[in-house]
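Residues per chain, in single letters:
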Amino acid sequence: MYGKGILKGLGVTWKRFWNTYIDDIAWLIRGKKRYYTEEGVKHRSSKNTRGIFTVQYPEERLILPEEARYLPFLVYDEGENGKKEVRCTSCGICAKVCPPQCIWIVRSNDPNTGRPIPEPTEFFIDADICMNCGFCAEYCPFDAIIMDHDFEIASYSRNVYNMEKLLKPASYYRSIRPENYARNEAERKAKEEAKAAKAAGAQKATAA
Amino acid sequence: MDNEKLSLPQYDIPEDIQNAVAITTLDRLYNWGRRSSVWPLMFGLACCAIEMIAAQASRYDMARFGMEVMRPTPRQADMMLVSGTVTKKMAPAIVRLYNQMPEPKYVVAMGACASGGGPFKEGYNVVAGIDKFIPVDVYIPGCPPTPQALIAGLIKLQEKIDKESIRKVRWYRKGPDTMEIPLPILGPDLIDPRRNAEIKMAAAETKEGA
């Protein structure tokens, strides 16, 4: 008999169609919301889901894993009375490792002595060149540049981000990547302690 | 768009007839129809096209925005989704397809390559941004943008369509067109087709020499 395969295929579609309603009713009986909730999206992304699994994007969004990356951003620590302590020291390692060469940094000099200050005056990332590889974040020795999770960045003109747009607080970094943040903080603390111990040791040596 | 959004906020409609009556302007109705039926032109150029296909498939389902009908002909398309690296060989075909699309038409540059050249921005064979040839409405950064990011960009395009006014749009006006179409400059960034004969002659000479 011809057309058996077509009927079989339509059967699969038919089954999936009804499975959606079966799942909907099961969730309704349990008193949970299958749509527009984090739990619902999690279930529909899992292998246990049945029926239609569309993510209704503007109302609900996929749960991103911590290591998800989009464009990079610069981290600043919040100092006293809202002062922005930029972690970047304008060493330029990120600009060097960037494969498509989309980062450029304007370094600053002390106006009195003319010597370089470890702080950038400007920091540009061409978002329309960036290929989201994450090398900059990987190589940064000060954890000053981190890959962002924000993907709603479409615009009506070319996107060249300046420092004002790139700077985001460390609290934001902690909110999007809690595990990475904790690891980085522990590393920074250990480094600082080692430095202090070394300084104390040196002081003792000079005293003796 | 539901009834509340179609109605203008300054008119109070009694609650019992709110489902039956809407007071709106012609602009709003016209834009509502247009933004809900943006048909893209079906073509893909590189890896971004895979994400575009994913966005069209059931997981993200662009049909929710009335964008599911990918037209294989420019005559029936409203939006050109430039999804991927535009090589210099492909650029004339894209410009030709753009010119064949009827007004109103929109261009979305998806991904780093289409909007700025991406990693190939200094390549000998890649156009550094399709905006050198055709006017681009929305730029979506990413390499490639995820389906969600693409849909975010298309929502941005819908917002742009919402702001247009039927009395002011240039494609209903008389007289010469006011749109500025970027004129590509033939130079080091482009292959000059006028020099084709010269290039062929040079190629033949090297072949003879070898």
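Residues numbered from 1 in each chain as written. Chains lettered and ligands numbered in written order. Predicted model: local features only at pLDDT ≥ 70, side-chain atom pairs only at ≥ 80, totals over all residues. Heavy atoms only, no water.

**Q** Looking at this structure, I do not really get the overall build of chain A. What am I missing?
**A** The secondary structure content of chain A amounts to seven helices and seven strands. Mapped in sequence order, the helices and strands of chain A form the string α-α-β-β-α-β-β-α-β-β-α-β-α-α. Relative to the globule expectation of 17 Å for 208 residues, the C-alpha radius of gyration of chain A, 26 Å, shows a markedly less compact shape. Viewed in the frame of its principal axes, chain A has a C-alpha envelope of about 95 × 45 × 35 Å. Looking at chain A as a whole, 35% of its 208 residues are labelled buried. Expressed as a percentage of contacts within chain A between residues at least 6 apart in sequence, the contacts between residues at least 24 apart total 62%. A total of about 13,500 Å² of accessible surface is found on chain A, and carbon and sulfur atoms cover 57% of it. Positive and negative side-chain charges of chain A, numbering 32 and 28 respectively, have mean locations separated by a distance of 8 Å. (Helix = DSSP H or I, 4+ residues; strand = E, 2+ residues; numbered from the N terminus. Rg over C-alpha atoms; globule rule 2.2 N^0.38 Å. Buried < 20%, exposed > 50% of the residue type's maximum accessible area, 1.4 Å probe, protein only. Contact = heavy atoms within 4.5 Å. Areas by Shrake-Rupley, 256 points an atom, 1.4 Å probe, with all protein chains shown as cover. Lys, Arg positive; Asp, Glu negative; His and termini not counted. Charge placed at Lys NZ, Arg CZ, Asp CG, Glu CD.)

**Q** In this structure, what is going on with the layout of surface pockets? I would like to understand it.
**A** The gaps left among the atoms become clear once a water-sized probe is rolled over them. Residues and elements named next belong to chain A. Volume-wise, the largest pocket comes out at about 440 Å³. Together, 16 residues line the largest pocket, and P141, F142, R188, K191 and E192 are the ones closest to its centre. Elements with a minimum of two residues in the lining of the largest pocket: β4 (116-126) and α7 (178-207). With five residues, α7 is the largest single contributor of residues to the lining of the largest pocket. Considering only residue class, the lining of the largest pocket consists of six nonpolar, one polar and nine charged. (1 Å grid on protein atoms, 1.4 Å probe; cavity = no way out; pocket = protein on both sides within 12 Å on 5 of 7 lines; lining within 4 Å. Points joined across faces, edges and corners; volume = space filled by probe spheres on them. Nonpolar A, V, L, I, M, F, W, Y, C, P; charged D, E, K, R; others polar.)

**Q** Honestly, the nonpolar core in this entry has me stumped. Any pointers?
**A** The nonpolar side chains of a soluble globular protein tend to be buried, and buried together. Core analysis: the biggest nonpolar cluster contains 57 residues, and I103 and F123 of chain A together with M79 and L150 of chain B have the highest contact counts within it. In contact with M79 of chain B, other than residues within four places in its own chain, are V38, W39, P40, L41, M67, M101, Y106, V108, L154 and L157 of chain B. Within the second largest apolar cluster, 20 residues are counted, among which are A91, V127, I130 and V136 of chain B. (Core = buried A, V, L, I, M, F, W, Y, C linked by side-chain atoms within 4.5 Å.)

**Q** Please explain the packing of helix α2 (residues 26-35) of chain B against helix α6 (residues 147-162) of chain B as it appears in this structure.
**A** A pair of packed helices can be characterised by two numbers: the angle between their axes and the separation between those axes. Residues and elements named next belong to chain B. α6 packs onto α2 with a crossing angle of 155° between their chain directions and a minimal axis gap of 9 Å. Classified by the interaxial angle, the pair formed by α2 and α6 is roughly antiparallel. For the pair α2 and α6, the sense of crossing is right-handed. Taking contact as the criterion, the partners of N31, R34 and R35 in α2 are, on α6, Q158, I161 and D162. Counted by class, the contact of α2 with α6 contains one nonpolar, two polar and three charged residues. (Axes fitted to C-alpha atoms, helices over the stretch in contact; angles between N-to-C directions. Parallel < 35°, antiparallel > 145°, perpendicular 65-115°, else oblique. Left-handed = near helix turned anticlockwise from the far one by under 90°.)

**Q** Would you take a moment to explain the pattern of salt bridges for this structure?
**A** Evaluated as defined, the whole model comprises 18 salt bridges over all chains. The closest approach of N and O atoms between K32 of chain A and E39 of chain A, which form a salt bridge, is 3.3 Å. For E39 of chain A, a relative accessible area of 42% puts it in the partly exposed group. Residues R170 of chain B and E103 of chain B are paired through a salt bridge, measuring 2.5 Å at the closest nitrogen-oxygen approach. Placement of R170 of chain B in the loop between α6 and α7 (196-209) and of E103 of chain B in the loop between α4 (91-100) and β2 (106-110) is noted, with a sequence separation of 67 residues between them. Three or more residues are tied together by salt bridges with common partners; here these are D23, D24, R34 and R50 of chain A. (Salt bridge = Lys/Arg side-chain N within 4 Å of Asp/Glu carboxyl O.)

**Q** For this particular structure, what's the right way to read unusual backbone geometry?
**A** With glycine set apart, most residues show a phi of negative sign, and most peptide bonds adopt trans. Between E103 of chain B and P104 of chain B the backbone carries a cis peptide bond, its omega angle lying at -10°. Residue P144 of chain B is reached from C143 of chain B by a cis peptide bond, and omega for that bond is -15°. For P144 of chain B, the position within the fold is in the loop between β3 (138-140) and α6. One non-glycine residue, D143 of chain A, adopts positive backbone phi at about 50°.

**Q** Is there a simple way to explain the packing of aromatic side chains in this structure?
**A** Ring pairs (aromatic) are described by centroid distance and by the angle formed between their planes. All names here are of chain A. One pass over the structure, following the stated rule, counts 12 aromatic pairs over all chains. An angle of 70° between the planes, with centres 5.4 Å apart, marks the rings of F73 and Y172 as edge-to-face. With F73 in strand β1 (residues 72-78) and Y172 in helix α6 (residues 170-176), this residue pair connects regions lying 99 residues apart in the sequence. Relative accessible area serves as the criterion here: at 1%, F73 is assigned to the buried category. Judged by relative accessible area, Y172 falls into the partly exposed class, the value being 24%. The structure contains a cluster of three or more aromatic residues connected by ring pairs, namely W14, F17, W18 and Y21. The positively charged end of K32 is found above the aromatic ring belonging to W27, 5.6 Å away from the centroid. Sitting over the ring of F73, K168 keeps its end group 5.5 Å from the ring centre. (Phe/Tyr/Trp six-rings, centres within 6.5 Å; stacked < 30°, edge-to-face > 60°. Lys NZ or Arg CZ within 6 Å of the ring centre and 35° of its normal.)

**Q** Explain the domain arrangement of chain A here, please?
**A** The extent of an interface is frequently quoted as the accessible surface area lost upon association of the parts. Taken domain by domain, chain A comprises domain 1 (1-63) and domain 2 (70-185). In this structure, domain 1 of chain A and domain 2 of chain A have C-alpha centres spaced 41 Å apart. (Domains from an automatic or database assignment.)

**Q** Got a minute to help me understand the interface of chain B and chain A in this structure?
**A** Between chain B and chain A, the residue contacts involve 32 residues of the former and 29 residues of the latter. Counting each side, the surface lost to burial between chain B and chain A is near 2,500 Å², with a carbon and sulfur contribution of 58%. Connecting chain B to chain A are zero salt bridges. Here chain B is connected to chain A by 12 residue pairs in polar contact (both at pLDDT 80 or more). Those elements that place two or more of their residues in the side of chain B that touches chain A are α5 (111-116), β3 and α6 of chain B. Broken down by element, the side of chain B that touches chain A gets its largest block of residues, nine residues, from α6 of chain B. Residue composition of the side of chain B that touches chain A, by class: 14 nonpolar, eight polar and 10 charged. (Buried area = accessible area lost by both parts, 1.4 Å probe. Polar contact = N/O pair within 3.5 Å; in protein donor to acceptor, adjacent residues only side chain to side chain.)

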